[in-house]
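What follows is the residue order along each chain.
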Amino acid sequence: YNQADFLAVLVFDHDKKTVTPLQINRETMCSVPWLSVNGLVGGHTIEQITLSHTYGSGGKDSCENTVQAVRDLLVQAPVDHYLAFTMDAVPVINDLVGGVTVTLEDDIPALGEEYVKGATVTLRGQNALRFVRYREMNLDSNMIRMTHQRLYLAAFTETAKAAAKKNEDLATQAFKAIDPFLTTNLSVNQISEIISDLAEYEILPVITPEGELKMGERFAEFYPEEASLWNCVYTAFCKK
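Residues numbered from 1 in each chain as written. Predicted model: local features only at pLDDT ≥ 70, side-chain atom pairs only at ≥ 80, totals over all residues. Heavy atoms only, no water.

A. Representation of the nonpolar core in the model. Counting 31 residues, the largest nonpolar core has Val 102, Leu 123, Phe 131 and Tyr 152 as its most contacted members. At the level of secondary structure, the elements contributing two or more residues to this core comprise α2 (89-96), β6 (100-103), β7 (120-123), α3 (126-133), α4 (141-166) and α5 (170-178). Among the elements that make up this core, the one with the highest residue count is α4 (six residues). Apart from residues no more than four positions distant in its own chain, Phe 131 is found in contact with Val 102, Leu 104, Ile 108, Leu 111, Leu 123, His 148, Leu 151 and Tyr 152. Core analysis: the next-biggest nonpolar cluster, separate from the first, contains 25 residues, Ala 4, Ala 69, Val 79 and Ala 236 among them. (Core = buried A, V, L, I, M, F, W, Y, C linked by side-chain atoms within 4.5 Å. Buried < 20%, exposed > 50% of the residue type's maximum accessible area, 1.4 Å probe, protein only. Helix = DSSP H or I, 4+ residues; strand = E, 2+ residues; numbered from the N terminus. Contact = heavy atoms within 4.5 Å.)

Here's what the structure looks like:
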């Protein structure tokens, strides 16, 4: 039962040499295409965007279905490529850069007594995975998890940049390490170029649409505000 647990669109501006990450709440309610038994789109249904990945085999077809759901949500903004990996890749890539250090913005007692607001902890191995996946069974638990993911992403980016300066083969090593967990339509050369750009470009603050979170019949549902969604699309894809 594959779901798109973490969704983000990275928008590269090669003129300004910047990257804008646009994070999408997995609980976003939107039009999701569903695939019939022959692999073709059989229609659309309004449901959480995370479920777009459940249609298909969990491989290429699921990724392409998720890309289409993201395009539809972002008013047909261009999404040229996809790169999906299972969460098993997080500890691998985390440790490859030497661990990731974060300063906590809230208490997370379930992860250990040292995980208190204001504490600085270095995440290694399974602790990195536990940190980015942790959620409580509250209505806003995924919203809180998204803040943890943004915190981790920012720290990981800076750590990876520093590690890449010390190890010229890091990009190749990273690709080989996560290849067993990876599904993508990018070539090896394209991935290498993206990694090089990420090391050189300025990573702008993560943007994410605001909206209303409420409880559905069974699960939490997030309804993005139209104006906020349009503003995110404009900021990421149009603003010069």
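The discussion continues.
B. Broad picture of the confidence of the model for the protein. Looking at the protein, pLDDT values average 91 and 99% of them are 70 or higher. Across the protein, the secondary-structure element scoring lowest on mean pLDDT is α5, at 84, and the one scoring highest is β6, at 97. (pLDDT = per-residue confidence, 0-100.)

C. Here's a closer look at the sheet that holds strand β2 (residues 18-24). Judged by pairing direction, the sheet is mixed, and its three strands sit side by side in the order β1-β2-β9 without closing on themselves. Sheet topology places β1 (7-13) and β9 (202-203) at the edges, where each strand pairs with a single neighbour. Note that β2 and β9 share two bridges and pair parallel. Note that in β9 the partner of Thr 18 across the bridge is Glu 202. Sheet contacts for α4: β2 and β9; angle to β2, the most-contacted strand, approximately 155°. Here helix α7 (residues 226-238) sits on the sheet and contacts β1 and β2; the angle it forms with β2, its principal contact strand, is near 155°. (Pairing = 2+ DSSP bridges. Axes fitted to C-alpha atoms, helices over the stretch in contact; angles between N-to-C directions.)

D. Focus on the packing of aromatic side chains. Applying the stated rule across the entire model yields two aromatic pairs. Centre to centre, the rings of Tyr 152 and Phe 156 are 6.1 Å apart; their planes meet at 20°, and the pair counts as stacked. Pair noted here: Tyr 152 and Phe 156 are both in helix α4, with a separation of four residues, about one helical turn. The class for Phe 156 is buried, based on a relative accessible area of 18%. Here Lys 214 stacks its cationic end above the ring of Tyr 223, 4.9 Å away from the centre of that ring. (Phe/Tyr/Trp six-rings, centres within 6.5 Å; stacked < 30°, edge-to-face > 60°. Lys NZ or Arg CZ within 6 Å of the ring centre and 35° of its normal.)

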